[in-house]
Amino acid sequence: MIVARGMGVRRGGRWLLRPVTFGVPEGVVGLAGPPGAGKSTLLATFATLRRPNAGALHILGHDITTAAGLRAARAVIGYLPARFARAEHMTAREFVEYAAYYKRTSASAARSMVRRLDLVEAAGTELALLPPDVRLRAGLAAACVHEPDVVLLDDPFGELCAAAEPWPTGAAGPGHHALTAAMAELIPVLRSLAPAVVVTADATGTLSGWCDRLFTLARGRLSEQPTHSAAARRGRTAADRRGAGAARRRDTGVMAPQAMTPQAAAPQAVTPQAVAPRGASTSRNTGRRRPARLTLPEMTLPQIARLRPRRPPARSASGV
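In this text, all values refer to a predicted model and were calculated from it rather than measured experimentally. Per chain, residue numbering runs from 1 following the sequence as it is written. Residues qualify for local features only when their pLDDT is at least 70, as the model is predicted, and side-chain atom pairs are given and counted only at 80 or more; totals for whole chains, interfaces and linings, by contrast, use all residues. To obtain the side-chain values, all non-hydrogen atoms of the structure were included, while hydrogens and water were left out.

## Remarks on the overall build of the protein chain
Every helix listed is a DSSP run of H or I at least four residues long, and every strand listed is a run of E at least two residues long, numbered separately from the N terminus. Within the protein chain, the secondary structure is distributed over 12 helices and 10 strands. Only protein chains enter the area calculation, which uses a 1.4 Å probe; residues under 20% of their type maximum are buried, those over 50% are exposed, and those in between are partly exposed. Looking at the protein chain as a whole, 35% of its 320 residues are labelled buried. Expressed as a percentage of contacts within the protein chain between residues at least 6 apart in sequence, the contacts between residues at least 24 apart total 63%. Residues are treated as being in contact if the distance between any of their heavy atoms lies within 4.5 Å.

## A few points about the sheet that holds strand E5 (residues 62-63)
Hydrogen bonds along the backbone pair up the strands of a sheet, which may run parallel or antiparallel. Strand pairing is defined by DSSP finding a minimum of two bridges between the two strands. Strand order in the open sheet made by the four strands is E2-E1-E4-E5, with antiparallel pairing throughout. Looking at which strands have only one partner, the edges of the open sheet turn out to be strand E2 (14-24) and E5. In the sheet, strand E1 (residues 2-11) pairs with strand E4 (residues 54-59) via five bridges, with the strands oriented antiparallel. Paired with valine 3 across the bridge in E4 is histidine 58.

## Here we look at the packing of aromatic side chains
Ring pairs are drawn from Phe, Tyr and Trp, using the six-membered ring of Trp, whenever the two centres fall within 6.5 Å, and their geometry is named by plane angle: stacked under 30 degrees, edge-to-face over 60, tilted for the rest. All chains considered together, the criterion is met by two aromatic pairs. Taking the ring centre of tryptophan 15 as reference, the NZ or CZ of arginine 10 above it sits at 4.8 Å. Remark: a charge is flagged as sitting over a ring if the NZ atom of Lys or the CZ atom of Arg is within 6 Å of the ring centre and within 35 degrees of the ring normal.

## Let's talk about the confidence of the model for the protein chain
A score between 0 and 100, pLDDT records how confident the predictor is in each residue. For the protein chain, per-residue confidence averages 76 on the pLDDT scale, and 66% of positions sit at 70 or higher. Confidence scores differ between elements of the protein chain, with helix H11 (residues 262-265) showing the lowest mean pLDDT of 40 and strand E7 (residues 150-153) the highest of 96. Here residues 232-288 is a poorly scored stretch, pLDDT under 50, and it has 32 contacts once near neighbours within four places are set aside; other chains count. Residue range residues 307-313 is modelled with pLDDT below 50. Its contacts to residues more than four positions away, or to other chains, number three contacts.

## Topic: the pattern of salt bridges
Salt bridge, as used here: a side-chain nitrogen of Lys or Arg that lies within 4 Å of a carboxyl oxygen of Asp or Glu. Taken as a whole, this structure holds five salt bridges when the rule is applied. Among the ionic pairs, arginine 191 bridges to aspartate 212, the shortest N-O distance being 3.2 Å. Placement of the pair is arginine 191 in helix H7 (residues 174-191) and aspartate 212 in the loop between helix H8 (204-207) and strand E9 (213-218), with a sequence separation of 21 residues.

## Let's talk about unusual backbone geometry
Positive phi, close to 55°, is recorded for leucine 60, a residue that is not glycine. Relative to the assigned elements, leucine 60 resides in the loop between E4 and E5. The class of leucine 60 is partly exposed, set by a relative accessible area of 30%. A positive phi angle, close to 50°, is found at aspartate 155, a residue other than glycine. Note that aspartate 155 resides in the loop between E7 and helix H6 (158-164). For aspartate 155, a relative accessible area of 24% corresponds to the partly exposed category.

## Details of helix H2 (residues 67-74)
Buried residues of H2: Gly69, Leu70 and Ala73, and no others. Looking straight down H2, one finds that the buried residues subtend no more than 100° of arc, so they occupy a single side. Away from its buried face, by an angle of more than 90 degrees, H2 presents the exposed residues Ala67 and Arg71. The inward-facing, buried residues of H2 abut E4, E5 and strand E6 (77-80). Relevant arc is that of directions from the helix axis to the C-beta atoms, nothing else.

## Focus on the nonpolar core
Note on terminology: a nonpolar core comprises buried Ala, Val, Leu, Ile, Met, Phe, Trp, Tyr and Cys residues joined through side-chain atoms within 4.5 Å. By size, the foremost hydrophobic cluster in this structure holds 48 residues, and its most contacted members are Leu140, Leu153, Leu190, Leu193 and Trp210. Within the residue set of this core, elements represented by two or more residues are strand E3 (27-32), helix H3 (92-102), helix H4 (107-116), helix H5 (132-143), E7, H7 and strand E8 (196-201). Among residues more than four places away in sequence, those in contact with leucine 153 are Leu43, Leu80, Leu140, Leu190, Leu193, Val197, Val198, Val199 and Thr200. Of all hydrophobic cores here, the second largest spans 26 residues; its members include Met7, Val9, Ile59 and Ala196.

## Let's talk about the sheet that holds strand E10 (residues 221-225)
Spatially, six strands are ordered E6-E7-E8-E3-E9-E10 in an open sheet, and the strand pairing comes out mixed. Pairing within the sheet leaves two strands with one partner each, and these edge strands are E6 and E10. Pairs of neighbouring strands in the sheet enclose a mean axial angle of 20°, with direction left out of account. When E6 meets E7, the two strands line up parallel, connected through four bridges. Within the sheet, the bridge partner assigned to tyrosine 79 lies in E7 and is leucine 152. Angles here are taken between N-to-C directions and fall from 0 to 180 degrees, while the axes themselves are lines fitted to C-alpha atoms, restricted in helices to the stretch in contact. Packing of helix H1 (residues 39-46) onto the sheet brings it into contact with E3, E6, E7, E8 and E9, and relative to E8 it is tilted by some 160°. Running over the sheet, H5 touches E6 and E7 and is turned about 150° from E6.

Structural data, given as structure tokens:
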């Protein structure tokens, strides 16, 4: 969907994103980082509102450095800033219809998007009077009224988190329950907006568990973090599954050289006591073989005889 080759973004004389090559595939991609790290600037670069300072950026195969490619890319992008400009006196329906007019889409598409995001009952209410979760739905409807292929959402849960701050945010606090319930309803909506959705947040905990891929941006460096999403565990493609299997093999393979001690590195003679029977396991933390419950020198002939299956008596029921 989005391919960046050696792309770098600067602001105020410092690198917000050092030149790096990466791609944004289909699915939900999360981008987390502390405030001021450059998440909004990077998302605005994806939305073609600013040019990268280094490298090249392609969106759905369109080169944004050309006028034709820029127009084609903007036609398939839906962008919702963190504090999207809205007219407080406009109703939710009027706001979505205005976005449809701006995107050169019909009014019927606006009405369809209002129904899709469950805004029928709140369509006649002014945006200033709507609760944060419903106002976010209106913003999503306005950003996706033209059915884009790539949706960019800059901190969509920020207003919800700010609204829950005055309340106790503990495990039993009403603010925590309200925020959790609102996010549980909005996450399926976000996943169904477009084939590719990019979401930003200040904390990784907000995005972990439901994003397919999770990246962090800090000090100009972009790094991928593990996510507990079920779709990410399954792997969307065979290449993803092969890559995950290779990573597991590397994790469970030979210990790093710095983890070995001089005693472990020295060659040792193999003795009968050092040979463990089948079933002995190896500790991943120490790399040493765990002692077996029963070693060969401790076994006696009566014990070995007891391991052999005994023949039933000649006159027993199971005898021949």
